[in-house]
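Structural characterization, general
So you can see what is in the structure, the chains are spelled out below.
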Amino acid sequence: MKKFLKIFAKVLIWILLVFSVFMFFSIMWMLRIWADLSIEELIFHLKAPLSGADYHFYLSYLRRSGSFIVLSIIVCIVLIRLLKQHKKLVYFGYAFASLVLLIITFIMFDKRMGLVSYAKAYMMPSSFIEDNYMSPDDLDIEFPDMKKNLIYIYLESMEMTYTDSSNGGAFKENIIPELVDLSREGEDFSGDSPFINGAISLYGSEWTMGAMFAQSTGLPLKTGGVNGNYISSQNEMYPSVKGLGDILEDNGYTNELLIGSNATFGGRDTFFKGHGNYILADHPYAIENGWIPADYNVFWGYEDEKLFEFARNEAARLSKEDKPFNLTMLTVDTHFEDGYKCRLCEDKYNNGDMYSNVMACSSKQVSGFVDWLKEQDFYDDTVIVLVGDHPTMDSDFCKDVPADYQRRVVTTILNSDLKSNRNDCRSYSTMDMFPTTLAAMGVTIPGDRLGLGVNLYSDQNTLIEEYGRDYCNKEMVRKSDFMNSLNKIEFNEELIAWIYRDSRIDMISNDDGVEVRLWTDTVFNKIDEFDHLEADVVDDSTQVSDTINVGYYYKEGYYSTGFFTGYNPDSITVNVYLVDTNGERYLVVSY
């Protein structure tokens, strides 16, 4: 027994050592790569599909962290062999060092990302989102008789910060002159200000999928809700929310998402397919349709030079259909870290700094695409929206930007018949783009509000103008039962597989009998078509069996059958089933 305990202690120490080293170097890599990573984004990407990511992303981890992890473990193995005569002392040192390393990792992680603050905030529910939300289902939204086409371009990591102080930016040189010119030509809601203006990315919209969700629905993408655990098993994301794509589809539009990466990454396929039935023209689609060779892959898929080439073809094709279209695009070359330098990029800015020149190249390509659109016969019937998806996450690109400078994403609307009713420089968020985009297309929105957004052409104050940016962020980070209620889970076999992996059963035996406790993160009454849970209980020693309903309630973190008698807890078999509204049973966990 003593020998067994020694072996067990050694194994436990090695597990603790490897885990602590792995966590330390992994967190170090993550914080170095993502300059402004939020807890919400981290949680989302831990749950959402990562397939389709740029392979350099994984190589960066292996090169910067994987090598240190392996080297550290090798050193520890060598030390234990060299100091055989002091094994007990070495193992004690390893255990102590592992605990210290985990504490340092936690402190470092919390300091940069506010884990404790996030946990505290999430434990204090807020009704802010519910109080300010305007559902499209509650409004009589009217389209004009002659419907405008829409070309909506998400500009990856594109900030107005990159222009110079004379234009309202924070850089010494204006590295995006063409986008500045487009802002001055179109509408950026700067009023009489001599500076260009842009949108603020509020909480829940600070990464690409969060930004797309926010600009399409006027809501922050919060993953604390029950559906956050099952994103990859769902056909829709927030299915009860009506977004831009849904409204356009309901009004006869063809929706298409054109991106140079794999739409699976981050659940983009789930969102856009479920909210507007978008044609998903992504990197695999380009291969399948012969746009690029089967083995073509650079950066995240294919570069923006090809994106704009394909966009010309798709816009021309869609314009020939007998119904209006929405062509939504996402650039990729400007993705952190340092972007992708294509053949069109010049070494012009910041002494050859790659990311600056990639941004400059993107500015030129966007402008060139807009110039091409102006020459097309469908241009007069088309509204163009250019919006940065979120501020850059590059670790050092904005390191010299003053801390009190408000970073905003480039925001421009071109070819709208509307003019802003206000002359002041508006403070607005990317969520305001939801109603503003529709208004720019000539759509009438009673009350000029949709989601948490405001039609910026109107006199209505935005949430930021009403409450301030900091207050909005503080409220949006808090738990929202309202957001959870909007995020119903669609029942399917993949969901059952997720629940099976996520759940466990414990048996509690006392004088009252035997109680089956089901531990799971799943709140079953949030699942569409859910009726109840029931457990088949069999005593293997006596073959006595029964079917017991599992209580339709959540009790101290677990579901419970209540106590039952007549069974031997040492020879019991339990299968818990989800029963849908049709009476079908689906096994979710066994014991």
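Residues numbered from 1 in each chain as written. Predicted model: local features only at pLDDT ≥ 70, side-chain atom pairs only at ≥ 80, totals over all residues. Heavy atoms only, no water.

What follows is about the pattern of salt bridges. Pairing between side chains of opposite charge can happen when their charged atoms approach one another. Here the structure, examined in full by the defined rule, presents 20 salt bridges. A salt bridge links Glu305 to Arg343, with the shortest nitrogen-to-oxygen separation between them at 2.6 Å. Here Glu305, found in helix α12 (residues 304-319), pairs with Arg343, found in the loop between β5 (325-330) and α13 (354-374); they are 38 residues apart in sequence, far enough to count as distant. The exposure class assigned to Arg343 is exposed, which follows from its relative accessible area of 68%. The partner of Arg585 in a salt bridge is Asp536, with the nearest N and O atoms 2.7 Å apart. One end of the pair, Arg585, is in strand β16 (residues 585-590); the other, Asp536, is in strand β12 (residues 530-539), and 49 residues separate them in sequence. A relative accessible area of 17% means that Asp536 is categorised as buried. Residues joined in a network through salt bridges with shared partners are Glu256, Glu314, Arg317 and Glu321. (Salt bridge = Lys/Arg side-chain N within 4 Å of Asp/Glu carboxyl O. Helix = DSSP H or I, 4+ residues; strand = E, 2+ residues; numbered from the N terminus. Buried < 20%, exposed > 50% of the residue type's maximum accessible area, 1.4 Å probe, protein only.)

This part covers the packing of α12 against α13. At a minimum axis distance of 10 Å, the contact between α12 and α13 shows a crossing angle of 15°. The orientation of α12 relative to α13 falls into the category roughly parallel. The chirality of how α12 crosses α13 is right-handed. Together, Asp304, Glu305, Phe308, Ala311, Arg312 and Ala315 of α12 and Gln365, Val366, Gly368, Phe369 and Trp372 of α13 make up the contact between the two elements. (Axes fitted to C-alpha atoms, helices over the stretch in contact; angles between N-to-C directions. Parallel < 35°, antiparallel > 145°, perpendicular 65-115°, else oblique. Left-handed = near helix turned anticlockwise from the far one by under 90°. Contact = heavy atoms within 4.5 Å.)

Shape is all these values report; function is a separate question.
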